[in-house]
Amino acid sequence: MKNVLITGANKSIGFEAARQLLQQGYYVYLGSRDEQKGQQAVDQLKAEGLTNVEVLVIDVDSIDSINAAREALGQKTAVLDVLINNAGISGGMAQPALGTDSSVYREVFNTNFFGVVDTTQAFIDLLKQSAAPRIVNVTSGLGSLTLHSDPNWKYYPVKTACYGPSKSALNAYTIVLAYELRDTPFKVNAVDPGYTATDFNHHSGPGSVPDAAARLVKAATLGPDGPTGQFFSDDNAPETGISPW
């Protein structure tokens, strides 16, 4: 049985990804910074008959929490097959480049970028023990510099000084990480779940949570011939599924 850790998985897309991977036979470590909320999510899944799941307390804003989570997971398993870096924040709206305090930039980047870096580095040793390790970095179409430069793009007016750039940085990290691991069994990809109706955007998105989660699951379960170092986005590239950076 393969093991997967999903950060920020006590609700929304992360929670649904946990459900779908459980249905595919994975053992899920459901990452949550709040233990009670994480346990409630676990209890809900178990009530559905999906029993191979347990909460792992992890706050990606805290290196101490990340290290504690790594130690706790290491006591349960010597192998981690999949890491889905799903935890993220928007930083609130609106985010004008000249009117947003730098503290908001730091807060958003700390979660969306540095949290991913710290979590990946903390768990990479367990991932290297897997025969087919997968890393999925949950990004956004708003992180595409190419699309943001195209006046014909459907989301062209949606400019965020903190959130979008944090995902651009995450995309760049994904490229470097995939390159560094290119001669190994790793598959490292960035996945845009699409503009989805969640608490994250006050349920304004047109996409469904199950469809969004399925995009993460697809990247998490790539076969040995699957791509690495890609930016998947069915929302922004419906024909090819590959978004421009």
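This report concerns the structure included in the present document. Since this is a predicted model, take the numbers as computed values, not measurements.

Observations concerning a nonpolar patch on the surface
On the surface, a cluster of nonpolar side chains totalling about 250 Å² of accessible area is made up of Ile175, Val176 and Trp245. Mapped onto the secondary structure, Trp245 falls in the segment after β7 (231–232). Assessed through its relative accessible area of 30%, Trp245 is described here as partly exposed.

Side note on the pattern of salt bridges
Applying the stated criterion across every chain yields a total of 6 salt bridges. The salt bridge involving Arg70 is made with Asp125; its shortest N-O contact spans 2.6 Å. Note that Arg70 is positioned in helix α3 (residues 63–74) and Asp125 in helix α4 (residues 102–127), a separation of 55 residues in sequence. Arg215 is the partner of Asp234 in a salt bridge, and the nearest nitrogen-oxygen pair spans 3.2 Å. Here Arg215 lies in helix α7 (residues 209–220) and Asp234 lies in the segment after β7, a separation of 19 residues in the sequence. A single network of salt bridges, built from pairs that share partners, joins Glu16, Arg19 and Glu48.

Points about the packing of aromatic side chains
The description of an aromatic ring pair uses the distance of the two centres, along with the angle that the planes make with each other. Considering all chains together, one arrives at 7 aromatic pairs under this definition. Here Phe109 and Phe113 contribute two aromatic rings whose centre-to-centre distance is 6.5 Å and whose plane-to-plane angle is 70 degrees, an arrangement assigned as edge-to-face. With a gap of 4 residues between them, Phe109 and Phe113 both fall in helix α4, about one helical turn apart. Relative to Tyr155, the ring of Trp153 has its centre 5.6 Å away and its plane inclined at 90 degrees; by these criteria the two rings are edge-to-face. Pair check on accessibility: Trp153 and Tyr155 agree, each one buried. Each member of the aromatic cluster is reached from another via a ring pair, and the members are Phe109, Phe113, Phe114 and Tyr173. Lying across the ring of Tyr156, Lys159 places its NZ or CZ 3.9 Å from the centre. The ring centre of Tyr179 lies 3.9 Å from the NZ or CZ of Arg182, which sits over that ring.

Details of helix α2 (residues 35–47)
With 13 residues, α2 should reach 18 Å at 1.5 Å per residue; the first-to-last C-alpha distance of 18 Å fits that figure. For α2, the set of buried residues is Gly38, Ala41, Val42 and Leu45. One side of α2 holds all its buried residues, which, seen down the axis, span an arc of 100 degrees. Residues of α2 that are exposed and angled more than 90 degrees away from the buried face: Gln36 and Ala47. N-cap assignment for α2: the residue whose side-chain oxygen lies 2.9 Å from the backbone N of Gln36 is Asp34. Looking one or two places after α2, you find Gly49, whose phi comes out positive at around 90 degrees.

Some points on the sheet that holds strand β1 (residues 3–6)
The strand order across the open sheet formed by 7 strands is β3-β2-β1-β4-β5-β6-β7, and the pairing between neighbours is parallel. Each having just a single partner strand, β3 (53–57) and β7 make up the two edges of the open sheet. Examined bridge by bridge, β1 and strand β4 (residues 82–85) share 3 bridges and lie parallel to one another. The partner of Leu5 across the bridge, within β4, is Leu83. Contacts from α7 reach β4, β5 (134–138), β6 (187–191) and β7 within the one sheet, and its direction differs from that of β5 by about 150 degrees.

Calculation rules
Residues numbered from 1 in each chain as written. Predicted model: local features only at pLDDT ≥ 70, side-chain atom pairs only at ≥ 80, totals over all residues. Heavy atoms only, no water. Patch = residues over 30% accessible without salt bridge, like charges linked within 9 Å, V, L, I, M, F, W, Y side chains within 5 Å. Areas by Shrake-Rupley, 256 points an atom, 1.4 Å probe, with all protein chains shown as cover. Salt bridge = Lys/Arg side-chain N within 4 Å of Asp/Glu carboxyl O. Helix = DSSP H or I, 4+ residues; strand = E, 2+ residues; numbered from the N terminus. Buried < 20%, exposed > 50% of the residue type's maximum accessible area, 1.4 Å probe, protein only. Phe/Tyr/Trp six-rings, centres within 6.5 Å; stacked < 30°, edge-to-face > 60°. Lys NZ or Arg CZ within 6 Å of the ring centre and 35° of its normal. Expected span 1.5 Å × (residues − 1). Arc of directions from axis to C-beta. Polar contact = N/O pair within 3.5 Å; in protein donor to acceptor, adjacent residues only side chain to side chain. Pairing = 2+ DSSP bridges. Contact = heavy atoms within 4.5 Å. Axes fitted to C-alpha atoms, helices over the stretch in contact; angles between N-to-C directions.

Worth remembering: the numbers are spatial, not functional.
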